[in-house]
Amino acid sequence: MKDSNDKEIGMDRGITRRDFLNGVAVTAGVAMLPPHLLAALQHDLDPEKSPGYYPPALTGLRGSHTGAFEVAHSIRDGDFWKKAGKPAETGETFDLIVVGGGLSGLSAAHFFRRSNPNARILILENHDDFGGHAKRNEFTVDGRKMLGFGGTFSIESPAPYSAVAKGVVEELGIDVASYPNYVSKNLYHSLGLVPNIFFDKETFGSDKLTINPWPIGGGESVGNATANLGETWKRFASEAPLSYAATQDLQRLLFDQNDYLPDLTSVEKKQKLAQISYAKFLIDNAHSSEEIVKFYQASPHPLFGVGIDAVSAQDAWGLGMPGFKGMKLDPAPGKGMNRDTIPNAEADRYFFHFPDGNASIARLLVRRLVPAAIPGDSITDVVTAKANYSKLDESSSPVRIRLNSTAVRVRHIGDSATAKEVEITYSRFGKLYSVRAPFAVLACWNMVIPYICSELPEKQKQALHSAAKVPLLYTNVALRNWQAFQKLGANAVYAPGSYHSSFNLDLPVSIGDYHCSASPEQPIVIHMMKTPCRPGLPARDQHRMGRIELFTTDFETIERKIRDQLARALGPGGFDPARDIAAITVNRWPHGYAYEYESQLQTLTQAPMPTPTGQLTRRGERFRNSRRVES
Ligand SMILES: Cc1cc2nc3c(=O)[nH]c(=O)nc-3n(C[C@H](O)[C@H](O)[C@H](O)COP(=O)(O)OP(=O)(O)OC[C@H]3O[C@@H](n4cnc5c(N)ncnc54)[C@H](O)[C@@H]3O)c2cc1C
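Residues numbered from 1 in each chain as written. Predicted model: local features only at pLDDT ≥ 70, side-chain atom pairs only at ≥ 80, totals over all residues. Heavy atoms only, no water.

What follows is about the pairing of strand β17 (residues 524–530). A regular strand carries its side chains on alternate faces of the sheet. Within β17, 7 of the 7 residues are buried, which leaves it mostly tucked inside the rest of the structure. Side chains I524, I526, M528 and K530 project from β17 onto one buried face, and the interleaved V525, H527 and M529 project onto a second face that is buried too. Relative to β17, strand β14 (residues 470–479) runs antiparallel, the two being bridged by 7 bridges. The residue of β17 that forms the bridge with L473 is K530. Where strand β16 (residues 502–505) meets β17, 4 bridges bridge the pair, whose relative direction is antiparallel. Residue pairing for β17: F503 is matched across the bridge by M528. (Buried < 20%, exposed > 50% of the residue type's maximum accessible area, 1.4 Å probe, protein only. Helix = DSSP H or I, 4+ residues; strand = E, 2+ residues; numbered from the N terminus. Pairing = 2+ DSSP bridges.)

As structure tokens, this is what we get:
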């Protein structure tokens, strides 16, 4: 479907995007392959061995890309085995087979090799790249190479980080405490850029970008924001397209010290807040207008994947949202809590962001496992090192990473109680193969496991099924410059009514030969985030429906939304999407974040697993300690 202003927003421009990307739809249809991959397959070669095979540079619809999930969905739908042929015995045996080439699978191989240095290991991964959610996006704009994180963003809170995870981080050579050496912490502030909010006309009556008086989720830490709250507020109140009543409500929430549950003790208040959504708290307890609910609706999206209709007021307090200043809530967990309060000091220290997010960690692990695939030997040179995909699955290598390979059946050979080996069958470019090993680790998505491993006890299958993941888009847009951001004084934009509910300039991190964009005339990557929610439904149902939305939305539709949103928000600063957008990579994660068991709010509708009253969920804690946006 074309729109009348398609030309104006640059839908006809020859940027790097869908034109090439969907060519990697290998399993879905070999005919869709780009010529060099098609040629490789026709000559019975592995496409990964072809010189042009380099997934990080692909743009368009990435994340769970076409070709990665169809086989798994067909197994789920029960029709896979009806059509499947007989698996070919490869004759290959390994000491360990790992299903899933994300951080867990790569770490599993790493641990196994530590205790069995000569072990032969096979890692099967259904995507065209390794790393799982830790996904690297690369762009080249006007001769400048830029990186983006397509998923997992950083090493960060919740703290304390487990000793095992910390051990791997150290072993890989990452000195988390050295992070301040790499980040230009004050770059954006020094240019006068601060978090903004974009009001869209469909939700708020008119399009308007203005300063954000209390940035949460898409902005900087609450502490920084409050420093100039008085001044910020004045500008916001005069520019925001909110009614007089809503502006008054917001002012009261931000500045007054009201206790909205005056007759209760701190413990009782927290119990109550855990049982109601923040949206309900704003309306019923803080007597705010519906406009305020719209204003804050999307603020927990980056952490919970749902809005304030499905996040408890207790967690909103943990996220630093307004309305709790005068409520005298005790920050310590209540009596009888079985977890300690999270030590903020440690969480503060434990943060590290590579320009491609935790994809650098995946690459460091791969370098240990298959040294020939990632040149170099330090955590700084890994950032710009070009991976050689042809080396990932070589018969001479003790560890082999086999991409584009979906495990479809995992079973013991013989009786499970006495079996000495497991057999794993996988599908690769439409053909089935079987491999064997005495050990297997299923480091793949939990909801896949019951479908491929029928021997599991029923109870375990149910538990694995119940962990419905959170769908979301992590979109990277490469811009030719960021002068519009500078003119408008914005480094991060919260957009509660828009398609992507936040976007921000890249975190300015320079490591080794990689240099962040330090001046507004230079190209930059901006990061945009969307969670496809259905406010009003229980969180799990929102996730399920959102997942369907992501699977059924094509790239062109998302591209149009991106161009329209950026044009409207940044247009007053001179932004022209047709001219300024150089490339777009939409990382689609229908199975994204792990499901967050909420407080008692959720027990009213679904999951019987509350966090203890008075204790924040892990994401509440994570945010409280988060240093997500540093500048
Ligand atoms: C958008 C996003 C942002 C995140 N940000 C952070 C962050 O900042 N910090 C943080 O600590 N965590 C973050 N996370 C959580 C992140 O998922 C974990 O930290 C970690 O990367 C998960 O690693 P994993 O290997 O367990 O899972 P994954 O990374 O999901 O890897 C599992 C792999 O197994 C594959 N697989 C599944 N089924 C099969 C099959 N049948 N055959 C073969 N392969 C299969 C999957 O496709 C996937 O590639 C984020 C998650 C998402 C989605």
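Glancing now at the nonpolar core. I121, I123, I174, F352 and F354 are the most contacted members of the largest nonpolar core, which totals 64 residues. The biggest single contributor to this core is helix α18 (residues 359–369), with 6 residues. Apart from the residues within four sequence positions on either side, F352 is in contact with S154, I155, I174, D175, V176, S178, Y179, Y182, N358, I379 and I511. Counting 46 residues, the second-largest nonpolar core is a separate cluster that includes F236, L253, L319 and M327. (Core = buried A, V, L, I, M, F, W, Y, C linked by side-chain atoms within 4.5 Å. Contact = heavy atoms within 4.5 Å.)

Looking now at the sheet that holds strand β8 (residues 208–211). Taken in spatial order, the 8 strands of this open sheet run β1-β18-β14-β17-β16-β15-β7-β8, and their pairing is mixed. At either end of the open sheet lies a strand with only one pairing partner, and these are β1 (60–63) and β8. Here the average twist between neighbouring strands, direction ignored, is 25°. Sitting on the sheet, helix α10 (residues 229–239) touches β7 (194–199) and β8, and the angle it makes with β8 is about 165°. Contacts from helix α23 (residues 555–570) reach β1, β7, β8, β14, β16, β17 and β18 (581–593), with the element oriented near 115° to β18. (Axes fitted to C-alpha atoms, helices over the stretch in contact; angles between N-to-C directions.)

A word on the site of the ligand. The ligand sits among 30 residues. The nearest are S104, N126, H133, S154 and W445. A distance of 3.1 Å separates an oxygen atom of the ligand from a polar backbone atom of L103. With respect to the ligand, the backbone of F153 contributes an N or O atom lying 3.0 Å from an oxygen atom. Contact with the protein chains covers 87% of the free accessible surface of the ligand, which is 970 Å². Only α5 (103–115), β10 (405–412) and β18 provide two or more residues apiece to the shell around the ligand. Here the residues of the shell around the ligand are counted per class, giving 12 nonpolar, 14 polar and 4 charged. (Near = heavy atom within 4 Å. Polar contact = N/O pair within 3.5 Å; in protein donor to acceptor, adjacent residues only side chain to side chain. Areas by Shrake-Rupley, 256 points an atom, 1.4 Å probe, with all protein chains shown as cover. Nonpolar A, V, L, I, M, F, W, Y, C, P; charged D, E, K, R; others polar.)

Along the chain, N358 falls in the loop between α17 (344–349) and α18. When sequence neighbours within four positions are dropped, the list of residues in contact with N358 reads L103, A134, T152, F153, S154, I155 and F352.

Attention now goes to the sheet that holds β10. The 4 strands are arranged β2-β12-β11-β10 in an open sheet whose pairing can be described as mixed. The outermost strands of the open sheet, each flanked by one partner alone, are β2 (88–93) and β10. In this sheet, adjacent strand axes meet at a mean angle of 25° when their direction is disregarded. Across 7 bridges, β10 lies against strand β11 (residues 422–428) in antiparallel orientation. Across the sheet, T406 pairs through a bridge with S427, a residue of β11.

This part takes up the packing of α10 against helix α11 (residues 244–255). A pair of packed helices is captured by two measures, namely the crossing angle of their axes and the spacing between those axes. Between α10 and α11, the least distance of the axes is 12 Å, while the angle of their chain directions is 170°. In terms of their interaxial angle, α10 and α11 are classed as roughly antiparallel. Judged by residue contacts, L229, W233, F236 and A237 of α10 engage T247, L250, Q251, L254 and F255 from α11. Counted by class, the contact of α10 with α11 contains 7 nonpolar, 2 polar and no charged residues. (Parallel < 35°, antiparallel > 145°, perpendicular 65-115°, else oblique.)

Turning to α23, a few remarks are in order. Over its 16 residues, α23 extends 22 Å from the first C-alpha to the last, a length consistent with the 22 Å expected when each residue adds 1.5 Å. Taken residue by residue, α23 has F555, I558, E559, R560, I562, R563, Q565, L566, A569 and L570 as its buried positions. (Expected span 1.5 Å × (residues − 1).)

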